[in-house]
Amino acid sequence: MPFIKLTKIEQRRVLSLVACLLLAIAAWLFMALNNKYVYTAKTVLIYKNFPQKRAFHPLQSDTVDLQVEGTGWQLLFARLRINPQSIAVSLNTLNTKDFVVFSDQLYNVNKQLESSQKVISVKPDTLYFDFTQRTVKKVPIKLVKEINFVKQYDISNEVKLNPKYVTVTGPIEELDKISAWATDTLKLDHVQSSSTARIAMQHSTHKNVSIFPSSVEVKLPIDEFTEKTVEVPLKIINNRNYNSIKLYPKKIKVTFLVALSNYNQVDDNFIQATVNADEWLNLQHSQFKVKITEFPDYCKLISVSPSKVDFVIEK
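Residues numbered from 1 in each chain as written. Predicted model: local features only at pLDDT ≥ 70, side-chain atom pairs only at ≥ 80, totals over all residues. Heavy atoms only, no water.

## Digging into the overall build of the protein
This is how the line gets drawn: Labels follow the DSSP assignment, with helices taken as runs of H or I lasting at least four residues and strands as runs of E lasting at least two, numbered in each case from the N terminus. Any residue under 20% of the maximum accessible area for its type is buried, any over 50% is exposed, and the rest in between are partly exposed; the area is computed with a 1.4 Å probe on protein chains only. Pairs of residues are marked as contacts when any of their non-hydrogen atoms sit within 4.5 Å.
Along the backbone of the protein there are five helices and 23 strands. The buried share of the protein, taken over its 315 residues, is 31%. Here the contacts in the protein between residues at least 6 apart in sequence split such that 74% fall between residues at least 24 apart.

What follows is the structure in structure tokens.
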């Protein structure tokens with residue numbers, strides 16, 4: 001395709017036309033960006049002038065949407081960043097009311113911003129506060145977990161939480177319902193070694209109740225487990241009416257899983273097995289049922305042999 005050849009005069013005319021077009025576009029943009037527009041910007045509230053004789057708790061977020069009038073330049077370059085990044089709100093009216101109206105404070109709000117910015121409205125325009133009597137108490141943390149272990153691995157000792165308690169703040173009638181505070185679910189797969197994790201606390205479902213801290217450190221002691229069997233002597237309970245009760249056998253075998261690190265430490269002294277003499281007196285059983293009444297928390301019971309024993313009673 002042949003190129004169009006222009007003379008020098010024609011080239012100057014084309015360049016002049018392009019320059020004029022660019023100048024016209026620049027002038028239009030300049031005028032458009034100098035115009036006023038209304039933007040929405042988020043900002044954080046800082047409360048001041050607290051009521052002296054009333055304890056309160058805000059019932060909404062500390063972030064609000066400001067409808068701000070500014071130039072197109074601000075939208076283009078700064079997306080109307082509010083400067084400063086927070087605004088102070090007076091709570092003087094809470095001495096007599098349970099709410100604060102923003103439209104009554106727009107003059108003072110605008111004094112805090114740059115001169116080129118003007119707040120024309122706030123959403124929400126009304127802030128509400130709760131004045132119910134509040135109190136504080138500590139409750140233990142309840143760990144919620146879903147852990148899948150590699151075969152033969154498990155928790156080998158006490159799970160350590162730091163901290164062990166959370167501080168709960170809220171109305172007395174709500175705090176009376178709270179005895180513990182659960183974490184979010186700690187989910188781990190294919191676990192075979194000790195680990196440390198940080199897990200968030202569950203969000204409050206109670207009205208006007210807050211907690212601190214919002215997360216907890218969890219230390220999980222993990223070890224490989226192996227099988228162990230020990231002989232445990234039987235103890236007779238509730239023998240109030242007989243001089244002597246002879247058991248056959250006198251000892252039972254308890255088989256359980258124990259962490260390798262605890263293998264040599266856990267023996268028959270950590271386990272208590274009992275039979276109840278009332279079974280014969282009240283239920284006329286011909287054998288006593290064996291019950292394990294003491295057992296290490298982080299061992300896994302497999303079997304008790306025998307689970308029932310014969311006996312002879314001498315009056």
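Structure's up, so let's keep going.
## Side note on the side chain of Gln67
With respect to the helices, strands and loops of the structure, Gln67 is situated in strand E3 (residues 63–71). We classify Gln67 as buried; its relative accessible area is 14%. Not counting the four nearest positions on each side in its chain, Gln67 is found in contact with Val38, Tyr39, Thr40, Lys118, Val119, Ile120, Ser121 and Lys123.

## Focus: the nonpolar core
Note the following rule: As used in this record, nonpolar core signifies buried Ala, Val, Leu, Ile, Met, Phe, Trp, Tyr and Cys residues forming a set joined through side-chain atoms within 4.5 Å.
With 21 residues, the main nonpolar core has Val168, Trp181, Val218 and Leu220 as its most contacted residues. Contributions of two or more residues to this core are made by strand E8 (134–149), strand E11 (165–171), strand E12 (181–191) and strand E15 (215–220). Top element by residues in this core is E8. It accounts for four residues.

## Some points on the environment of Asn264
Position of Asn264 relative to the elements: it lies in the loop between strand E18 (251–259) and strand E19 (272–276). Residue Asn264 is classed as exposed on the basis of its relative accessible area, which comes to 71%. Distance from Asn264 to Lys228, taken between C-alpha atoms, is 10.0 Å for residues 36 residues apart in sequence.

## Here's the deal with a nonpolar patch on the surface
The criterion, for reference: Patches here: salt-bridge-free residues with over 30% relative accessible area, like charges joined within 9 Å, nonpolar side chains (Val, Leu, Ile, Met, Phe, Trp, Tyr) joined within 5 Å. Using a 1.4 Å probe, the Shrake-Rupley method yields the accessible areas, and only the shown protein chains count as cover for residues. Counted as salt bridges are all cases of a side-chain nitrogen of Lys or Arg within 4 Å of a carboxyl oxygen of Asp or Glu.
Among the surface-exposed residues, Leu59, Phe99 and Tyr128 lie close enough to one another that they form a single nonpolar patch of about 290 Å² accessible area. When you line up the elements, Tyr128 lands in strand E7 (residues 126–130).

## Describing the sheet that holds E15
Note the cut-off: When DSSP finds two or more bridges between two strands, those strands count as paired. Note on geometry: axes are lines fitted to C-alpha atoms, helical ones only across the stretch in contact, with angles between N-to-C directions running from 0 to 180 degrees.
Read across the sheet, three strands follow the order E10-E15-E13 without closing on themselves; strand pairing throughout is antiparallel. A strand with exactly one partner marks an edge of an open sheet, and here the two such strands are strand E10 (160–162) and strand E13 (195–200). Averaged over neighbouring strand pairs, the angle between their axes works out to 25° when direction is ignored. Two elements, E10 and E15, share three bridges in a ladder whose sense is antiparallel. Looking across to E15, one finds that Asn162 is bridged to Glu217.

## Section: the sheet that holds E8
In spatial order, the strands read E12-E8-E11-E14; together these four strands make up an open sheet with mixed pairing. Each end of this open sheet is capped by a strand with a single partner; those strands are E12 and strand E14 (210–212). Adjacent strand axes in the sheet meet at a mean angle of 30° when their direction is disregarded. Inspection of the sheet shows E11 paired to E14 by three bridges, in the antiparallel sense. Paired with Thr169 across the strands is Ser210, a residue of E14.

## Brief notes about the pairing of strand E17 (residues 244–248)
Residues in a regular strand point their side chains to alternate faces of the sheet. Of the two faces of E17, the one lined by Ile245 and Leu247 is fully buried and the one lined by Ser244, Lys246 and Tyr248 carries no buried residue. In terms of strand pairing, E17 meets strand E23 (residues 308–314) through five bridges, oriented antiparallel. Within E23, the residue paired with Leu247 across the bridge is Phe311.

## Points about the environment of Leu66
Residue position: Leu66 is located in strand E3. For Leu66, a relative accessible area of 0% corresponds to the buried category. Leu66 sits 28 residues away from Val38 along the chain, and the two C-alpha atoms are 9.8 Å apart.

## Overview of unusual backbone geometry
Following Lys123, the chain continues into Pro124 via a peptide bond in cis, with omega recorded as -5°. Of note, the amide linkage connecting Ser305 to Pro306 takes the cis form, showing an omega dihedral of -5°. Summarising the element assignment, Pro306 is placed in the loop between strand E22 (300–305) and E23. Here the phi dihedral of His190 falls at roughly 55°; this positive angle occurs in a residue that is not glycine. Look at His190 and you get exposed, because its relative accessible area is 67%. Of note, Asn238 is a non-glycine position whose phi angle comes to about 65°, a positive value. As for its position among the elements, Asn238 is in the loop between strand E16 (222–237) and E17. In this structure Asn238 comes out as partly exposed when scored by relative accessible area, which is 31%.

Any functional reading would require information beyond the geometric quantities listed.
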